[in-house]
Structures are given as C-alpha cells and as structure tokens.
Amino acid sequence: MSDINTLSFEEAMRELEATVGKLETGEATLEESIALYERGAALRAHCEARLREAEERVEKITLAANGQPTGTEPVEGL
Amino acid sequence: MDLLEDEPGPGSNAHEFTVSELSGAVKRSIEDQFGRVRVRAEVGRVSRPSSGHLYFDLKDDRAVLAAVTWKGQAARLVQRPEEGMEVIATGRLTTFPGQSKYQMIVDQIEPAGAGALMAMLERRRKALAAEGLFDEARKRPLPFLPRVIAVVTSPSGAVIRDILHRLRDRFPSHVLIWPVAVQGEGCAQQVAAAIRGLNALAPRGIIPRPDLIIVARGGGSLEDLWGFNEEIVVRAAAESTIPLISAVGHETDTTLIDFASDRRAPTPTAAAEMAVPVRADLAARLAETGARMLRANAQAIQRPRQRLRDLARAMGRPAALIEGPRQRLDLQGARLEPALRLWLQSRRNRLALRPMPAATLRQFMQARRHGLDRIAVRLDQARLRRLERPQDRLNQLQERLDASLRRVTASTHRAIAQDKMRLGDLVQRLDAALMRAQRQRRDVLTRLDRIRQTLGYKETLRRGFAVIHGPEGLITSAAAAARAPQFQIEFADARIEARPAAGKSRRPAPPSGQKTLL
C-alpha cells in the first residue's frame, strides 16, 4: 500500500471509496476488515486535513524587465 | 431716436429664429439627411439602466457619437454592444433639442470586419489543426483538486475578480496571477511567455509550480481578442504540460487558444468552476463515505459474531464431541466386563478359587466414566465461557476444542490400555494361582496313592503270601477250594493255574510247605 501522505486528495478519496466498497461487500475476513477499516480511517483523516487546510492565498508574480518571473507579492482586495 | 435707430447690424434683413424653431429645423434636416446610416465604430461606455433602454457611445479616435437602442429593439440585437467592440451600427440620426444634442437611434449592430478576419482565422485554424495541435489525444485531464492555480490575465478588472470570487465560494485556493496585457500590442507575446514561464517553473522553486493554468479575458471584439488567435499563443497552450483552461471572451466568442487548451470555459467564472470542486460537497461526500465505512465495519464485525453464534449453536453441547470416543469406551468396556466375568467364572468353577475382584473392576470402570463425564461438563462450561466472549477468535476456539478432544481421546485410550494391563495382570495372577492349586492336588494325590499302595495286598504277596482266585471270586477256605474245579494262584510276580489233587479225602490235608494267606 502507498504512503497516504503522498496521495492527492482525489487518489485518497478514490482509495477510500474502494476500501469502503470492499468492506461493504463483506467478502473480507475479519482481520482484513480491520486492516481495511484502519486504512480507510487514515485515508479519511488525510482527506479531511486537506479540506481543512484549504485557505485562499492570492499572489501576483513579479516580472523582471526581460519578462522573467522573479518572485511573488501578495495581492489584496481582489 | 435717429441715433438709436441708426446702425442696424449686418444681416438685419435675415429671419430671426426662435431656439425652438432652429432646433426643430436642425432636427428635420438631420433626420432627413441621415434617416438611415451605417456607422463603423468602436463601442465606448455602455449603460443599461433599469428602464431597459441601452445607451452607449460609438467612437473612433477623434469623435464620439451618443447612441441609444430602445428597450423593444435591444432584445432583438444580433450583437449586444460591449465596450471596446468594433461594430457596424445601423440606424438613424436624431436630435435631442432639450439638451442641444444629437444621437443615433441604433436598431442593429453587427461585428465589424468579421468576414475578412474570420476567413483568415479559419485558414489559420485549419493549418494548426493539420499539425495536430488540437488533437483530442493531447488533452490532459484537469487535476481534481489543484494545489496551486495560475491565472494568466490582467491583474485588474472584472475577470480576475470573477475568478477569485468563484474560487473563494467553491474551494479557497492558492492563486498565482501572471499579469499580462489582454489586448493590443504585446498581448500575444506576453500570454505566450506567461504560459511558457509557468511551465518552466521548478517544482520546488521560490514560485510554486502551478498544477493548473487558467488563461482568461473578458468579452471583446474579434480584434480585441485577436491576441488569443495568434499562433505563438496557440502553440504555447498546446505545448503546456500543465493542464490549461481557456476562458477568453464570451460564450459566443471562439478563439484559437480554445482549440489548443485542455478545456474551454465559456466565461472566467465557469473556468473557476472547472478548476476546483466545491469543498462543502467534498466534505459531505467524505462524511457519507465515513458513515458507510462505519456501517460496513460494524457489519464486518457483526457477521463473524453472528457466525460464531451460529457455529456455537451448531456445535450444540461440546460433550457431543466426545460422544464418539465415549461410545468406543462404552463398547470396549461392555465387552471387557462380560469377558472378564466369563473368564473369572470359568476359573472360579474349575478351581474354586477365592472370589475375583469383579466389583473392583466395575468400580474402576465407573470411576473412569465419571472422570470422562466430569471432563465433558468442564469442557462444556469452558466452551460456554469462551463463547460468551465473542471477540475471541473462532479458530482459537476450534484449536482448543481440538486439543480438548485429543486429550479426551488420549485419556480414553490410556484408560483402555490400563484396563487391558490390569486384565493381563489378573490373568497372570489367575494362572499362577491355578498352577499352585494343581501342584498341591498333585502332591496330595501322590501321598494318597502312596498310602493306598502301602495299604494294598501286593506288598504282602512279596512277603510270600499268595491269593487264590476262583471262578467266582477269591477262594478263602480249603472247603471252597475243594469245591472249585480249578483256580488261580496269584503270586507277587504272576499267576499260575491250579486244581485240587484227585483221590484225596475231601477233607483238606494240611498243605505241605505252603501256607494259605488267610
């Protein structure tokens, strides 16, 4: 199984839904079910963290005279 | 008076108009002269008050013409006027005498120069399409939830506001604005440079590399949007490895970047909607999935629990498990006991020995059986205790049951083996007792025989006596001997035949040299 922290929201969500699907079919053994549940709980926590940490940040890229980007500056009031 | 009437002004003969007369004359003149005109112009300021009438300016670089489209006609316009749009307006001129103004009543507007430009655009589109720049296979899927979104647009104006506003509503995001001119000179170069520059950003540089690019501009004339038809922009968009949404102009405007982009949004707001999902929806979906998982997990635990109960029921009394071995024990026991009894009886009959410890055996058997019963009961209780704790695993239960069964079976075997050993022991003891008894009898017999022999007449014969056997038994008197025609005389070694001597008196003479035994 891949490290959950490297998963994107969508990957984690898809795996979570697949995990729940497996649990729901009831074909897993009790041990497998417990493993699936633990994995599912971790995936869910990962997704929730991603939703929680969402915050707006608007920056404007600053450009040098030759048009190359040099950095960013925060943008307010848009 | 003369002085006063002198010097009439030049043109004193000319007709004097009232303002209204003059305004009316101008109005008539203008309306006659310009009753139907077509004007090529750029649309200036546009205002749509609640009255529904449409007021706008038509202008070129030196003059401005006020224009109005009345409410009823405004709805029927092929092209609604947008600021900056190059149009050809059709209508009539009229004046507004109350304010000394003139204006154009516009009843139709069409994009200017469309025909020529569109033909050129179509040629360019075909050439780029032939290169494969617009192929479906080149399209990249948009990320489900981009971490950084770059917007290539004018940093001021409604477009960036619309995009940020909609992003805020759906999923607050990290947005990088790459400022560019969205029309006029330098527009195409700047937009292309922005797309390339964003693609060139290192994944972990000072400027975070975006995982989605939106190229956006508000509506405008074909000429205004022309920068987004330039080949340099189209190629940059096609080459972008970062998924790109184009949102240039209004829904009816199509520019070539729209063909090269991965997705085309009809408006900047729509681009924001394509860019991110709605956070609240995701949270709801996540919550729902979490709830499903809890339910499924409860079931995953409930199912084995139910199965455990079912199995426990199916097992019934665990004592049932030892019934087989017990039956074997009973069978063996039942066979053992009669066999033993029979054997003991025969021995007892033959040898009249002391009573056999059959009762002891029975007691022993019974004790064994009690022991088994106790084990069964304890097994039953232990089983029940285990079953009452459903979290215990079934296979552990099974293993322990098996072990118990093995133990019970083994102890049963042991019991039978011990019984056999005891039986063997008894047999040995019985054999030994029999041998002893036989030896004693034999000794007695030998003694008696010796006595019998001692008491018999044959020993007397050895000492010189003889026995006379007549035809009708022993002859014990001379008279009897005289009567017998013949007889036998038994000596110690043999018998001889004899008869009384003839001519002798019937009185027996005393035998010479021979004594009778009696």
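Check the entry above for the structure.
Residues numbered from 1 in each chain as written. Chains lettered and ligands numbered in written order. Predicted model: local features only at pLDDT ≥ 70, side-chain atom pairs only at ≥ 80, totals over all residues. Heavy atoms only, no water.

## Let's talk about the overall build of chain A
Move 1: Across its full length, chain A carries two helices and two strands.
Move 2: Counted from the first residue to the last, chain A has its helices and strands arranged as α-α-β-β.
Move 3: Across the 78 residues that make up chain A, the buried fraction comes to 31%.
Move 4: Excluding contacts between residues fewer than 6 apart, the proportion of contacts in chain A whose partners are at least 24 apart in sequence is 42%. (Helix = DSSP H or I, 4+ residues; strand = E, 2+ residues; numbered from the N terminus. Buried < 20%, exposed > 50% of the residue type's maximum accessible area, 1.4 Å probe, protein only. Contact = heavy atoms within 4.5 Å.)

## Re the side chain of glutamate 59 of chain A
Move 1: Checked against the element boundaries, glutamate 59 of chain A lands in strand β1 (residues 57-63).
Move 2: According to the relative accessible area criterion, glutamate 59 of chain A is buried, its value standing at 12%.
Move 3: Within the structure, glutamate 59 of chain A has its side chain in polar contact with the side chain of threonine 72 of chain A (distance 3.4 Å).
Move 4: A polar atom in the side chain of glutamate 59 of chain A sits 2.6 Å from the side chain of histidine 174 of chain B.
Move 5: Once you skip the residues sitting within four places of it in the chain, glutamate 59 of chain A turns out to touch Thr72, Glu73, Pro74 and Val75 of chain A together with His174, Val175, Leu176 and Ile177 of chain B. (Polar contact = N/O pair within 3.5 Å; in protein donor to acceptor, adjacent residues only side chain to side chain.)

## Quick look at a nonpolar patch on the surface
Move 1: A cluster of nonpolar side chains, contributed by Val444, Leu448, Ile451 and Leu455 of chain B, occupies part of the molecular surface with about 390 Å² of accessible area.
Move 2: Looking at the secondary structure, you find leucine 455 of chain B in helix α13 (residues 394-455). (Patch = residues over 30% accessible without salt bridge, like charges linked within 9 Å, V, L, I, M, F, W, Y side chains within 5 Å. Areas by Shrake-Rupley, 256 points an atom, 1.4 Å probe, with all protein chains shown as cover. Salt bridge = Lys/Arg side-chain N within 4 Å of Asp/Glu carboxyl O.)

## As for the interface of chain A and chain B
Move 1: In this assembly, 40 residues from chain A lie in contact with 39 residues from chain B.
Move 2: Summed over both partners, the interface of chain A with chain B buries about 3800 Å², with 65% contributed by carbon and sulfur atoms.
Move 3: Among the residues of chain A in contact with chain B, Leu51, Ile61 and Leu78 of chain A are the three that bury the most area, contributing 18% of the side total.
Move 4: Joining chain A to chain B, the criterion identifies four salt bridges.
Move 5: The residue glutamate 53 of chain A makes a salt bridge to arginine 147 of chain B at a minimum N-O spacing of 3.5 Å.
Move 6: On inspection of chain A and its partner chain B, the count reaches eleven residue pairs in polar contact (both at pLDDT 80 or more).
Move 7: Broken down by secondary-structure element, the contributors of at least two residues to the side of chain A that touches chain B are α1 (9-25), α2 (30-52), β1 and β2 (69-74) of chain A.
Move 8: Tallying contributions element by element places α2 of chain A first for the side of chain A that touches chain B, with twelve residues.
Move 9: Looking at the side of chain A that touches chain B residue by residue, the class counts come to 17 nonpolar, nine polar and 14 charged.
Move 10: Here β1 of chain A pairs with strand β7 (residues 174-179) of chain B via four bridges, running parallel. (Buried area = accessible area lost by both parts, 1.4 Å probe. Nonpolar A, V, L, I, M, F, W, Y, C, P; charged D, E, K, R; others polar. Pairing = 2+ DSSP bridges.)

## Things to note about the nonpolar core
Move 1: Ile149, Ile163, Leu167, Ile214, Ile245 and Ala275 of chain B are the most contacted members of the largest nonpolar core, which totals 42 residues.
Move 2: Here this core gets six residues from one element, more than from any other, and that element is α1 of chain A.
Move 3: Setting aside chain neighbours within four positions, we find isoleucine 214 of chain B in contact with Ile149, Ala150, Val151, Val152, Ile163, Ile245, Ala271 and Ala275 of chain B.
Move 4: In this structure, Val152, Ala194, Leu198 and Ile242 of chain B belong to the second largest nonpolar core, which totals 38 residues. (Core = buried A, V, L, I, M, F, W, Y, C linked by side-chain atoms within 4.5 Å.)

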